[in-house]
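# Structural characterization, general
Now for the letters of each chain:
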Amino acid sequence: MAEPLLTINDLRISFPSPNGRIGVVNGVSLEVGREVVALVGESGSGKSMTGRAAMGLLPSTASIEAKQFTFEGRDLTRLSGTQWNALRGQGISLILQDPKYSLNPAHRVGRQVEETLLLHTRLSAKERRQRALEMLSKVGLADPERVYQSYPAALSGGMGQRVMIAAMLINNPRLLIADEPTSALDRGLQDQILALLRSLTADLGMGLLLISHDLQQVHRYADRVLVMRQGALVEELASADLANASSPYTRALWAARPSAATYGTRLPVFEGE
Ligand SMILES: Nc1ncnc2c1ncn2[C@@H]1O[C@H](COP(=O)(O)OP(=O)(O)OP(=O)(O)O)[C@@H](O)[C@H]1O
């Protein structure tokens, strides 16, 4: 693999509790280059906390330590709030589950897609508009002018998620973190959005950290898979090898992968070791 974009070595995240600190991520190490890396595992395994740490978006009560935690060689553990804001606008972007909660219903789509350019570049209004229209077209929206003028309420779920992707990519981030980016969408749309994310990742030369509980999707759209359980990594493998995983836990997750019948449900939590 070429020089990684994101390098995490022995990441530990904990929260205070009446009985002392509770570790929710306990020594995770990973690298993401210009590729699609999936982080999978049952609910509560620490996937989102790992992704949020890489965006500087952990809850304020969380404590974080790591032997190495760098983006393009830059130490993320030492960034100030202002430096995080700059990095989030220009280097790393986050796509969350449901565009309904990410888009502001009171503002037109165009303004929201352009916002990062307004904050982080000196482009003129005309240039920003041009770039926003290009991005809306790149994410597969057929009538970018109309979408640009629309309010979020006028968009379907799939269109809303495409708009969010346009907003997150407009400033050419090198790393995209997508936390369950399609779980609010129906199955057909999920495939469309993941195929879009995968092709944009390759076209734009980005890295994508895809957080998911859907092993079927991961198998189809990721290059590599990291399996988490109870705050630790249990296995790392090429997605093509998922059906032949060596860890019993990965094998159990693979056997429980969503089928047409169980699609949309959470992965079961497996008891014991
Ligand atoms: N603000 C918080 N304070 C204390 N514990 C928290 C807080 N936020 C999350 N946790 C705990 O951290 C653990 C990891 O949560 P995380 O959201 O990373 O899991 P996940 O693998 O992404 O699960 P899911 O698929 O359900 O989102 C969970 O046990 C959760 O209860």
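Report follows, based on the coordinates. It should be emphasised that the depicted structure is a prediction, and the values quoted were computed from it without experimental measurement. (Residues numbered from 1 in each chain as written. Predicted model: local features only at pLDDT ≥ 70, side-chain atom pairs only at ≥ 80, totals over all residues. Heavy atoms only, no water.)

## Considerations on the pairing of strand S10 (residues 224–229)
Taken across its 6 residues, S10 has 6 buried, putting it largely inside the fold. Going residue by residue along S10, you find Arg-224, Leu-226 and Met-228 tucked away on one face and Val-225, Val-227 and Arg-229 tucked away on the opposite face as well. Strand direction decides the pairing type here: strand S3 (residues 36–40) and S10, joined by 4 bridges, are parallel. Of the residues in S10, the one forming a bridge with Ala-38 is Val-225. (Buried < 20%, exposed > 50% of the residue type's maximum accessible area, 1.4 Å probe, protein only. Helix = DSSP H or I, 4+ residues; strand = E, 2+ residues; numbered from the N terminus. Pairing = 2+ DSSP bridges.)

## Description of the packing of aromatic side chains
Geometrically, a pair of aromatic rings is defined through the distance of the ring centres and the angle of the planes. Taken as a whole, this structure holds 0 aromatic pairs when the rule is applied. The ring of Tyr-148 carries the charged tip of Arg-129 above its face, separated from the ring centre by 5.0 Å. Looking at Arg-257, its charged tip hangs above the ring of Trp-254, at a distance of 4.1 Å from the centre. (Phe/Tyr/Trp six-rings, centres within 6.5 Å; stacked < 30°, edge-to-face > 60°. Lys NZ or Arg CZ within 6 Å of the ring centre and 35° of its normal.)

## A word on the environment of Ser-247
By secondary structure assignment, the location of Ser-247 is in the loop between strand S11 (232–238) and helix H10 (248–255). Its relative accessible area of 11% is what places Ser-247 among the buried residues. It is 44 Å that separates the C-alpha atoms of Ser-247 and Glu-115, two residues lying 132 residues apart in sequence. Polar contacts involving the side chain of Ser-247 include one to the main-chain amide nitrogen of Tyr-249, which spans 3.1 Å. (Polar contact = N/O pair within 3.5 Å; in protein donor to acceptor, adjacent residues only side chain to side chain.)

## Details of the side chain of Asp-214
Secondary-structure assignment places Asp-214 in the loop between strand S9 (207–212) and helix H9 (215–221). Among the polar contacts listed, one links the side chain of Asp-214 to the side chain of Arg-187, at a separation of 2.9 Å. Separated by 3.1 Å, the side chain of Asp-214 and the backbone nitrogen of Gln-217 make a polar contact.

## A closer look at the sheet that holds S3
One open sheet holds the 6 strands; their spatial order is S7-S8-S9-S3-S10-S11, and the pairing between them is mixed. Looking at strand neighbours, the two that pair on one side only are strand S7 (92–95) and S11, the edges of this open sheet. The mean inter-strand angle of the sheet, taken between neighbouring strand axes irrespective of direction, is 20°. Relative to the sheet, H10 contacts S10 and S11, its axis offset from that of S10 by approximately 105°. (Axes fitted to C-alpha atoms, helices over the stretch in contact; angles between N-to-C directions. Contact = heavy atoms within 4.5 Å.)

## Describing the site of the ligand
Residues in contact with the ligand amount to 12 residues; listed here are only the nearest, Ser-43, Gly-44, Lys-47, Ser-48 and Met-49. Take Gly-44: an N or O atom from its main chain is 2.8 Å from an oxygen atom of the ligand. Side-chain polar atom of Ser-48 to an oxygen atom of the ligand: 2.8 Å apart, as the coordinates give it. The biggest single contributor to the shell around the ligand is helix H1 (residues 47–53), with 3 residues. Grouping the amino acids of the shell around the ligand by side-chain chemistry returns 4 nonpolar, 5 polar and 3 charged. (Near = heavy atom within 4 Å. Nonpolar A, V, L, I, M, F, W, Y, C, P; charged D, E, K, R; others polar.)

## So, the layout of surface pockets
Each pocket or cavity is described by its volume, and for the largest pocket that value is around 620 Å³. The wall of the largest pocket is formed by 26 residues, among which Leu-94, Glu-115, Thr-116, Met-164 and Met-168 lie closest to the centre. Those elements giving two or more residues to the lining of the largest pocket turn out to be helix H2 (81–90), S7, helix H4 (109–120) and helix H7 (157–169). Sort the elements by how many residues they give to the lining of the largest pocket and H4 lands first, with 6 residues. Residues that form the lining of the largest pocket fall into these classes: 12 nonpolar, 10 polar and 4 charged. Looking at which domains feed residues into the lining of the largest pocket, each of domain 1 (1–91 + 173–267) and domain 2 (107–172) supplies at least three. (1 Å grid on protein atoms, 1.4 Å probe; cavity = no way out; pocket = protein on both sides within 12 Å on 5 of 7 lines; lining within 4 Å. Points joined across faces, edges and corners; volume = space filled by probe spheres on them. Domains from an automatic or database assignment.)

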